[in-house]
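# Coordinate inspection notes
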Amino acid sequence: MDNRKKADKIYYHQAMLLVIVLRIILGLTYLPELNTPPANQDIWIMLLLSILYTVVFSLPLLYLGNKFSQYSFYEYAEMIMGKFIGKVINIFYGLFFFMFLIFFSSVFIEILNSSLYDETPTIINITILMITSTYIVYKGIMNLARLGELVIPFILLLFFLLAILGFENYDFKMLLPILSDSKLADINKGALISSLRNTDSLILIMLIPYLEEKKDVNKIFIKSLIYSIFIVILTVIIVQATLGIEYTKLVNFPFYNFSRLIKIGETQGFDLLYVVSWIMGNVIKVSSYHYFTTVALGKVANKRNQIFIIPAAVVNIIAVILLKDRRPIIAVKDPFPQIFIVSTVLGIIIIPLILFIVYLFRRNKIEQSSNSNKN
Amino acid sequence: MRNKIAISLFYIIVCICLTGCYNARELDQLGISLIMGIDIEDGKILLTAEIVDPAYTTESSSTIQGSSVKYVQGSGNTVLEALRDITLKFDRRIYGAHNKVLIFGEEVAKLGLVSHIDELFRDKEQRESSYILIAKGAKAYEVMGITNGLETIPANYILDLIQNVKYNPKAVVVSIIDYLRHYYHEGHHPVAGVIEKIKKMEIDELGESTGTKNYELTIIGSAIFKKDKLRGYLNGNDTKAVNFILGHIERSIITFPTPTNVFEEGQSEIGKQQLSSVIVIKSKVKNDVEMEGDRLILKTKVDLRTSLGEFNGKIDLTKEENLNKIAEACSKTAEINIKSAVKKVQKEYGVDIFGFGIEFHRKYPKQWEKIKDNWDEIFAEADFEIEVKTHIIRTGLINNPPIVE
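In this report, the structure presented in the accompanying data block is examined. Since we're looking at a predicted model, the values are computed, not measured.

Criteria and cut-off values
- Residues numbered from 1 in each chain as written.
- Chains lettered and ligands numbered in written order.
- Predicted model: local features only at pLDDT ≥ 70, side-chain atom pairs only at ≥ 80, totals over all residues.
- Heavy atoms only, no water.
- Salt bridge = Lys/Arg side-chain N within 4 Å of Asp/Glu carboxyl O.
- Helix = DSSP H or I, 4+ residues; strand = E, 2+ residues; numbered from the N terminus.
- Buried < 20%, exposed > 50% of the residue type's maximum accessible area, 1.4 Å probe, protein only.
- Core = buried A, V, L, I, M, F, W, Y, C linked by side-chain atoms within 4.5 Å.
- Contact = heavy atoms within 4.5 Å.
- Phe/Tyr/Trp six-rings, centres within 6.5 Å; stacked < 30°, edge-to-face > 60°.
- Lys NZ or Arg CZ within 6 Å of the ring centre and 35° of its normal.
- Pairing = 2+ DSSP bridges.

## So, the pattern of salt bridges
All chains considered together, the criterion is met by 26 salt bridges over all chains. A salt bridge links E128 of chain B to R260 of chain A; the shortest N-O distance between them is 3.1 Å. Remark: R260 of chain A occurs in helix α11 (residues 254-260) and E128 of chain B occurs in the loop between α4 (114-122) and β6 (131-135); the pair is interchain, linking two chains. Like R260 of chain A, E128 of chain B is buried.

## Topic: the nonpolar core
If you look at the biggest cluster of nonpolar residues, it comprises 213 residues, and the most contacted ones within it are F73 and I80 of chain A together with I134 of chain B. If you tally residues by element for this core, the top one is helix α4 (residues 83-115) of chain A, at 15 residues. Setting aside anything within four residues of it in sequence, one finds F73 of chain A in contact with L61, I89, Y93, I205, M206 and L355 of chain A. In terms of nonpolar packing, the next biggest core, distinct from the first, is built from 26 residues, I32, V143, L161 and L217 of chain B among them.

## A few points about the interface of chain A and chain B
Accessible area lost on assembly of the parts is the figure often given for the size of an interface. Each partner contributes to the interface: chain A provides 32 residues, whereas chain B provides 26 residues. Seen at the junction of chain A and chain B, the total is two salt bridges.

## A short note on the packing of aromatic side chains
Under the criterion given, the structure shown has 44 aromatic pairs over all chains. For the ring pair F97 of chain A and F292 of chain A, a centre distance of 5.8 Å and an interplane angle of 35 degrees mean the geometry is tilted. Taken together, the residues span a long stretch of sequence, with F97 of chain A in helix α4 and F292 of chain A in helix α12 (residues 271-301) at a distance of 195 residues. Both residues of the pair, F97 of chain A and F292 of chain A, count as buried. For the ring pair F103 of chain A and F340 of chain A, a centre distance of 4.6 Å and an interplane angle of 75 degrees mean the geometry is edge-to-face. Of the two residues, F103 of chain A sits in helix α4 while F340 of chain A sits in helix α14 (residues 336-361), which places them 237 residues apart along the sequence. Summarising the burial analysis for this pair, F103 of chain A and F340 of chain A share the class buried. It is K227 of chain B that lies over the ring of Y183 of chain B; its NZ or CZ is 4.9 Å from the centre.

## Comments concerning the pairing of strand β1 (residues 30-41) of chain B
On a regular strand, each side chain points to the face opposite its neighbour's, so the side chains alternate between the two faces of the sheet. All names here are of chain B. When you tally the buried positions in β1, you get 11 out of 12 residues, the bulk of the element. As defined by bridge partners, β1 adjoins strand β4 (residues 93-95) across three bridges and the pair is classed as parallel. By the bridge assignment for β4, G31 is matched with I94. One ladder, built from eight bridges, connects β1 with strand β2 (residues 44-52); its direction is antiparallel.

Printed below as a string of structure tokens:
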């Protein structure tokens, strides 16, 4: 890891942009916060509170990431837990990323079917997506970060542009006074659920070995979290003010519906701007999860991650076809939220916490072996 | 060499793939619908679409016989089935993305709008920004096809009427999304625009008989809904009052009796004969509710910035106190009209179309939880207080009217 060339490094702003877009793209897609308790005008308070939970939940991950900044997560999992358990953990994370890869790809196809290509077969859409993702993943995470550096500012710019263009449709009377209809328990529950959706902090931890300045990781984590939550809050407010609090709960793709309503004179069709930016953001998201799936598989098999790129893409194509052609993904919610909550509790809280505790007990031994590895 | 072949192959494949969308439909395969009418006939949905005829242009209108639009109808048990029924009678698939207006027959509106428009907002083609109109006392197809403006396309004629509401708020402009917002929002029942076929006063003119020449359309008034079921209609003046309370007054006029004798004695009396008008430049509305014991008071404060649009009377407008008296007379008239409209809605329909329920929810969230299911009954019994403040900030190009000596 030490001898990575300067050009192979991810810079501070690249990492931050990447994590921001991974987080907000969920909001721009189906905005699950709208149906998360308290599911009313107080969602923004819930989201602000979720920052606190996200930070608390990510503490073990951040601590280990800082401590083992020269190693990948998969490497130090094996160093702390030993080869066998380490491999089991890596298999879990491989499956974790792969499961989200299937989900995000399926949602991508669903919104494409709903917005642009309603008659295009799933196989065409998913194959094009996975060819793109495979190419990006072959080029490596640094190139993904560079692509993000070009594309993400454009996505953010389009988001703010649409928010401004839609101003005429805002009806702030829809937003009732804060805390008039919510209980603190609901807000707390929502914040907890919302913070558990933040799987993208795991991506940041995976990025640490590639960071040019590894000490920036905490700064990137906090800043990207705050910026992304700010954008999600803005999304929630503009969607609720445009569509109304109750109707937004019924809409599968709220920001898409919001962008459909934008009208300047008789000119409509601004939703295409949204779809363009959304496709770019999703390609980055899918590629990131594709990449880290292959890295985990590579680590388990002690092989280069490249050999798993195409197999993972093919399995993803098959899984998405099987899933997407059988049922809607967003409209029929169960059982995805339950599976995701269990997975994220395991992947973001429990396993890192176990690693952290075991590390505290075996610190001296691990540090000795780490030093001998370096020497 | 191998690289060159690979690159050439890549470009050929890309060129083939990028020639067009998968399963693209070209313009000449689509029947672009501009207005859709939804009715119920013989227990089935009857859908009427106004399809623009691309062969008919302004230039060709002198040579081609017929109309710039065609009307097609389909029926079915659901809206979607009715839409698909058209495909077996009409050679092009109906394309709804350019639908500007949806007209519902009165019968459909009475049965419930939302259950009949599910397909329209589930499908991506129909835009939620399209306007909703209710055919007053008629079927939707009975008001379609009438044009009395300069527009040759009836849909554009109706659309222009809707856009003219900004000059005369005796009608309401409600889109699908406006309707849905209020449908789902507790404490504010939706209203919708109306469209009515009325007999046109015959004026001698040189024109060809089109069969519909004796009729014109008006969108004056509004339709009141309880949730999604039509309860009744408001006339133009009452609708204007609704627009006042909802803060939708823009470039509207208010006509009021001119105060007399001001010029001579400096005293204001409401004259019965002479009327004057002001044009609203800007309005600010504040709705509120207040509980006084068991009594609920609905309160509206309207602040108007106006321009004197027409003045008939003998008053020296160069004196500020006289201008204030005119403003006072305008305020008084607006207050009387708004109060009468609110009373009418309370007594005749008993549904809160003004959104006072939202204000109550905002102010008394805990009580709201207890009374929200009975809000309409409470609203119907509530007292109403209105305060209009008018400021005349312009008098136009002249000050005193020409008749002042």
